[in-house]
Amino acid sequence: MLDPILHTTRKVSLWLTWLGGTLIVLSAFLVTLEVFLRKVFNISLGGADEISGYAFGVATTLALSYALFERAHIRVDALLGTFPKALRPLINLFGLIMLIGFALVIVIMVWGMVGDTLENGSRSITPMRVPLAIPQIPWLIGWIFFVFSGVLIGLVAIQRYLRGDEPGVQELIGVKSLDEQIQDETV
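This section reports on the structure supplied with the text. (Residues numbered from 1 in each chain as written. Predicted model: local features only at pLDDT ≥ 70, side-chain atom pairs only at ≥ 80, totals over all residues. Heavy atoms only, no water.)

1. Structural notes on the packing of helix H1 (residues 3–41) against helix H2 (residues 48–69)
Packed helices, taken two at a time, are described by the angle their axes make and the gap between the axes. Here H1 crosses H2 at 160°, and the two axes come no closer than 8 Å. Taken as axis vectors, H1 and H2 run roughly antiparallel relative to one another. Along this stretch, H1 crosses H2, giving a crossing that reads as left-handed. (Axes fitted to C-alpha atoms, helices over the stretch in contact; angles between N-to-C directions. Helix = DSSP H or I, 4+ residues; strand = E, 2+ residues; numbered from the N terminus. Parallel < 35°, antiparallel > 145°, perpendicular 65-115°, else oblique. Left-handed = near helix turned anticlockwise from the far one by under 90°.)

2. Describing the packing of aromatic side chains
This structure, assessed with the given rule, holds three aromatic pairs. Ring centres 6.2 Å apart and planes at 70° place the aromatic pair Trp143 and Phe146 in the edge-to-face group. With Trp143 and Phe146 both in helix H4 (residues 133–162), this residue pair falls three residues apart, about one helical turn. Phe146 carries the same exposure label as Trp143, and that label is buried. (Phe/Tyr/Trp six-rings, centres within 6.5 Å; stacked < 30°, edge-to-face > 60°. Buried < 20%, exposed > 50% of the residue type's maximum accessible area, 1.4 Å probe, protein only.)

3. Points about the pattern of salt bridges
Taken as a whole and assessed by the stated rule, the structure comprises three salt bridges. Across the salt bridge formed by Glu70 and Arg10, the nearest N and O atoms sit 2.2 Å from each other. In this pair, Glu70 sits in the loop between H2 and helix H3 (88–120) while Arg10 sits in helix H1, placing the two residues 60 residues apart along the sequence. Residue classification places Arg10 among the partly exposed positions, given a relative accessible area of 32%. We note a salt bridge from Glu34 to Arg38, for which the minimum N-O separation is 2.9 Å. On the criterion of helical spacing, the pair formed by Glu34 and Arg38 is a turn pair, its members being four residues apart in helix H1. Using a relative accessible area of 6% as the deciding quantity, one classes Glu34 as buried. (Salt bridge = Lys/Arg side-chain N within 4 Å of Asp/Glu carboxyl O.)

4. Re the environment of Val35
Here Val35 shows up in helix H1. In this structure the C-alpha to C-alpha distance between Val35 and Trp15, which are 20 residues apart in sequence, comes to 30 Å.

5. Overview of the packing of H1 against H4
Where H1 meets H4, the axes come as close as 10 Å, and the angle between the chain directions of the two elements is 150°. Every pair of crossing elements has a handedness; the one defined by H1 and H4 is left-handed. In contact with Asp3, Ile5, Leu6, Thr9, Val12, Ser13 and Leu16 of H1, H4 contributes Phe145, Phe148, Ser149, Leu152, Ile153, Val156 and Arg160. (Contact = heavy atoms within 4.5 Å.)

Structure representation (structure tokens):
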């Protein structure tokens, strides 16, 4: 029931990651151009550092959900192997709930910040005077999509667990095995 939505969400997360990567590459070109113009012609475009900072923040949140699908978020799993195999899916689910709960707190805080920014017409305190809503709204969208993806992954993991599909749960929220990590490197 939820698997088609999960598949579509994973595809959207990949596209958002590509968008974020494009922002990073474009900001790298902008900074390179800025440095070149300063060194060669002693002129500055101004704001390259500010724009690249916004791009980095937005790109990071746009990629969070894809990292979740790829099980690429850093986790401390030193003790996981000491627990009985039957408990591991529940421990992994607990870890996912904690991660998404933390991200939800961030979404709530950022939502309030964006609301204040829009209400007050806040701008950056740089010569560019960028309306702060411009970078904050896509940043918020990245966080919201991350929470949505995490909740969806959690629901599918629970669904698989209740069906007795423990390999499916492992594939979705478990720690990647060494073989999976090596396979990812060779693909």
